[in-house]
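Structure assessment
Here are the chains, one letter per residue:
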Amino acid sequence: QVQLVESGGGLVQAGGSLRLSCAASGGTLTNNNMGWFRQAPGKEREAVATMTYSGQNTYYRDSVKGRFIIYRDNAKNTVYLQMNSLKPEDTAVYYCAAGRASPFTTTRRVDYNYWGQGTQVTVSS
């Protein structure tokens, strides 16, 4: 069973950057599609960025395109979310998720079997 542990969240001013990490154990990330989701208070959990198991295909929600990058370090079995030019509306708990390997990216939560515990990102104005 894959276990995911996120880190790297915190408080940052608008315009700043953070890098979230998602370290996996119990499985190899190259065998899974990966995703970063976020949930703000009172809102649904939404997909922010996802990538296929091969790393060849990625998805970004419109509001983060050009600012966030999802990438993977196979040697460390870790997925990252580099977040630049952060805005107050990016404030949320960010979750890492792993799902079945597929050549297609997916933003559906049901397609992800394993979830991390979440890490808080707060962007002040």
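First, a word on what this report is: a plain description of the structure on this page.

Most of strand β9 (residues 92–100) sits out of view: 7 of its 9 residues are buried. Two strands pair when backbone bridges link them, and strand β4 (residues 32–39) and β9 are joined in this way by 8 bridges, in the antiparallel orientation. Across the sheet, Phe37 pairs through a bridge with Tyr95, a residue of β9. In this sheet, strand β11 (residues 119–124) lies alongside β9 in antiparallel orientation, the contact comprising 3 bridges. In the strand pairing of β11, Val93 is matched with Gln120.

Across all of its chains, the model carries 7 salt bridges by this definition. Among the ionic pairs, Asp62 bridges to Lys65, the shortest N-O distance being 3.1 Å. The closest approach of N and O atoms between Asp111 and Arg108, which form a salt bridge, is 2.9 Å. For Arg108, a relative accessible area of 51% translates into the label exposed. Here the salt bridges share partners, and the residues they tie into one network are Arg38, Glu46, Arg61, Arg67 and Asp90.

Core analysis: the biggest nonpolar cluster contains 28 residues, and Leu4, Met34, Trp36, Leu81, Met83 and Tyr94 have the highest contact counts within it. Mapped by element, the contributors of at least two residues to this core are β3 (18–25), β4, β5 (46–51), β7 (68–73), β8 (78–83), β9 and β11.

Attention now goes to the state of the cysteines. Applying the stated rule across the entire model yields 1 disulfide. Between the sulfur of Cys22 and that of Cys96 lies a disulfide, 2.0 Å long from S to S. Handedness of the Cys22-Cys96 disulfide follows from its S-S torsion of about -75°: it is left-handed. Here Cys96 lies in strand β9 and Cys22 lies in strand β3, a separation of 74 residues in the sequence. Judged by its relative accessible area of 0%, Cys22 falls in the buried class. Taking the relative accessible area as the measure of exposure, Cys96 reaches 0% and is therefore buried.

Calculation notes
- Residues numbered from 1 in each chain as written.
- Predicted model: local features only at pLDDT ≥ 70, side-chain atom pairs only at ≥ 80, totals over all residues.
- Heavy atoms only, no water.
- Buried < 20%, exposed > 50% of the residue type's maximum accessible area, 1.4 Å probe, protein only.
- Helix = DSSP H or I, 4+ residues; strand = E, 2+ residues; numbered from the N terminus.
- Pairing = 2+ DSSP bridges.
- Salt bridge = Lys/Arg side-chain N within 4 Å of Asp/Glu carboxyl O.
- Core = buried A, V, L, I, M, F, W, Y, C linked by side-chain atoms within 4.5 Å.
- Disulfide = S-S within 2.5 Å.

All we've got here are geometric facts, nothing functional implied.
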